[in-house]
Amino acid sequence: MPPNITVTDLRMTRRQLLTAIGIGSLAVAAVACGSESSTTTDEALPTGASGDIGTGGRARLAFAGSGATESLDPLGGPSAVDYARRISIFDPLFAFHDATPEPRLATGVTYEGDDLVIALREGVTFHDGSTLTSADVVFTFSRFAGPANVYPSDLLMYFDFAKARADGPLTVRVPVRGRRIGWPEAALASDSLQIVKAGTTTFTTTSTIGTGPYALSKFAPGEQTVLKRFDEYWAGPANVDELVLLSLPEPGARVNAVKTKVVDYAAEVPFATAMQATSTSGIQVRTSPDNLRGSYCFAINMSRDLGKQEAFRKALRLGIDRQALVDTIMLGHGEPGNDLVGAGAKYYLDASVPKRDTDRARTLLEEAGAIGKQFRIRCFNYEVGLVDSAKLFASQLRDLGLDATVNEVTMTEAFDMKSLAADDASAFPIGAFNLPTCYGLSQSFPPLAFHDKEFGQALDRALHETTDGGRRTAWEAAQQIAADRGNWIVWGRADTLAIAADNFGGIVERESPKYPWLGKVGFVH
């Protein structure tokens, strides 16, 4: 990696961006390298219904889906149901828990010379009875680096996965590209790096074989997935005999499915809809922990004339009515934001929320020559309240003297680079992820990126520091620059709500509550 971060250095793909804003993630975090621990903990932390979870039964869960484009390939679709299915059938090398990447199929990583050396867990069994070996990981890396991956990853800047090689049955060596990164375990926690069986060329109901807690039984894209408990799962068998994942794009349909007892759990429920469901007997509204709240943001396009000016960006941060946005959009399930992403993550700078000052904002807008100028805000209907927040923001900016309008686009148009660059700002949500993921996201598309040399240098130091103290200092410096003159207005942090039957539990929130791990779900007896 070059000595200074540029926009292209942290390039994130469209699918990774979709995953991160929803949640999911290109999972990278600034953690110490060289961990040899093989301890896993998320199985011991089920959430939801109180009481002991028994075994047996059929659990039915509803997630947002994407219709016919849903895929069994772990390099496939970005929808919530795709993600839930993927992490139920397959396992990664590492996965996040409490903002720290923990071992799954790997037990540790070290640097040796120009190689990253990955130690694999012994005794892991695939659903067809074969044993996990280094050949499976090498094959997975090869797919990730090759044409099978239609969404090339920025991880390939750090590791030459195409040249990964086995060094015995349980050791893999991956050549390092450029400088060593200080967070290799977290890079390997990428949701795209689910380990597949060597030689897999297609992903059908019969050929999709993983090492996860459930084996695939049936799959109908856009409808449902049926999974069976895998009794030989290396971390202990799941509680339920069968797991059914329903693909329901509309939040109202997911809520009604719980109310009518068609499913036991519905993910990603709108704030207003959730409140209406509280009166239904036998149903609980589940709220994410404060440290897993997602951020709602407006990214100012610094490639546009107005966005280039620091005075203009500061004017918008001072002029926005954050509390009005929180009250209107989040309906009591959030709090004002401080323009920094990654709240709750390790090394997060808990800066104060900017105090609204409309007089100062108008003065700065006059200095920038922005009064009366057109300012178009891009939004798309991906997250609850995202479009409405853009409309309210535009109204507030008009009160300050800008000719602000909203450009609502479809999901297909949302990440078209040419049209994205043509708008002055974009409304985005960002999940509750570690700082490298959050800032990798914010730097990944030129129209969204913070183009600042000093920030880039501080970010580069944060990514490559190998000591805890060094990383903390570097991350604080980078975030302070972003808070002072950055182009992202993080106006609020919101809960993620789900609705569930009151006897359903075992949901594990690894890093984002929108994409829970389902390996220990079940029913309280």
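Everything numeric in this text was worked out from a predicted model, so none of it was measured.

Moving on to the overall build of the chain. When helices and strands are tallied, the chain shows 15 helices and 22 strands. Put simply, the chain has 525 residues, and 60% of those count as buried. In the chain, the share of contacts with a sequence separation of at least 24, taken over all contacts with a separation of at least 6, comes to 75%. On the chain, roughly 18,600 Å² of surface is accessible, and the fraction owed to carbon and sulfur atoms is 49%.

Attention now moves to the sheet that holds strand S10 (residues 224-229). The strand order S9-S10-S11-S2-S12-S20-S13 describes an open sheet built from 7 strands, whose pairing is mixed. Each end of this open sheet is capped by a strand with a single partner; those strands are strand S9 (214-220) and strand S13 (283-287). In this structure, S10 lies alongside strand S11 (residues 242-247), joined through 5 bridges in antiparallel fashion. Bridging across to S11, lysine 228 finds its partner in glutamate 242. Of the strands in this sheet, strand S2 (58-63), S9, S10 and S11 touch helix H2 (residues 80-89), which is tilted by about 160 degrees from S11.

Under the criterion given, the structure shown has 18 aromatic pairs. An angle of 50 degrees between the planes, with centres 5.9 Å apart, marks the rings of tyrosine 439 and phenylalanine 455 as tilted. Of this pair, tyrosine 439 sits in helix H13 (residues 435-442) while phenylalanine 455 sits in helix H14 (residues 453-464); the two residues are 16 residues apart in sequence, bridging distant segments of the chain. Assigned by exposure class, tyrosine 439 and phenylalanine 455 land together as buried. Through successive ring pairs, a cluster of aromatic residues spans Phe63, Tyr265, Phe504 and Phe523. Of note, arginine 104 hangs over the ring of tryptophan 517, and the distance from its end group to the ring centre comes to 5.3 Å. Over the aromatic face of phenylalanine 126 sits the side chain of lysine 197, whose NZ or CZ is 5.3 Å from the ring centroid.

Now for the sheet that holds strand S6 (residues 115-120). Hydrogen bonds between backbone atoms are what pair the strands of a sheet, whose relative direction is either parallel or antiparallel. Spatially, 4 strands are ordered S5-S6-S8-S7 in an open sheet, and the strand pairing comes out antiparallel. Strands at the two margins of the open sheet, each flanked by one partner only, are strand S5 (106-112) and strand S7 (165-166).

This brings us to the side chain of aspartate 115. As for its placement among the helices and strands, aspartate 115 is situated in strand S6. A distance of 2.4 Å separates polar atoms of two side chains, one belonging to aspartate 115 and the other to arginine 165. Contact partners of aspartate 115, with chain neighbours within four places excluded, come to Thr110, Arg165, Arg173, Val174, Pro175 and Val176.

This part covers unusual backbone geometry. Phi is positive for glutamate 268, which is not a glycine, with a value near 50 degrees. Relative to the helices and strands, glutamate 268 is located in the loop between strand S12 (265-266) and helix H6 (271-277).

So, about the pairing of strand S17 (residues 403-409). Across 7 bridges, strand S16 (residues 374-380) lies against S17 in parallel orientation. When the sheet's bridge partners are listed, cysteine 379 is paired in S17 with glutamate 408. Where the polypeptide runs from S16 across helix H10 (residues 386-400) and back to S17, its parallel neighbour, the crossover connection is right-handed.

A separate point is the packing of helix H8 (residues 322-330) against H10. Where H8 contacts H10, the two axes come as close as 10 Å, and the packing angle between them is 150 degrees. By the criterion of interaxial angle, the relationship of H8 to H10 is roughly antiparallel. Viewed along their axes, H8 and H10 form a crossing whose handedness is right-handed. Here H8 contributes Ala324, Leu325, Thr328 and Ile329 to the contact with H10, which in turn contributes Asp388, Ser389, Leu392, Phe393 and Gln396.

Conventions and cut-offs
Residues numbered from 1 in each chain as written. Predicted model: local features only at pLDDT ≥ 70, side-chain atom pairs only at ≥ 80, totals over all residues. Heavy atoms only, no water. Helix = DSSP H or I, 4+ residues; strand = E, 2+ residues; numbered from the N terminus. Buried < 20%, exposed > 50% of the residue type's maximum accessible area, 1.4 Å probe, protein only. Contact = heavy atoms within 4.5 Å. Areas by Shrake-Rupley, 256 points an atom, 1.4 Å probe, with all protein chains shown as cover. Pairing = 2+ DSSP bridges. Axes fitted to C-alpha atoms, helices over the stretch in contact; angles between N-to-C directions. Phe/Tyr/Trp six-rings, centres within 6.5 Å; stacked < 30°, edge-to-face > 60°. Lys NZ or Arg CZ within 6 Å of the ring centre and 35° of its normal. Polar contact = N/O pair within 3.5 Å; in protein donor to acceptor, adjacent residues only side chain to side chain. Right-handed = clockwise from strand over helix to strand, strands pointing away. Parallel < 35°, antiparallel > 145°, perpendicular 65-115°, else oblique. Left-handed = near helix turned anticlockwise from the far one by under 90°.

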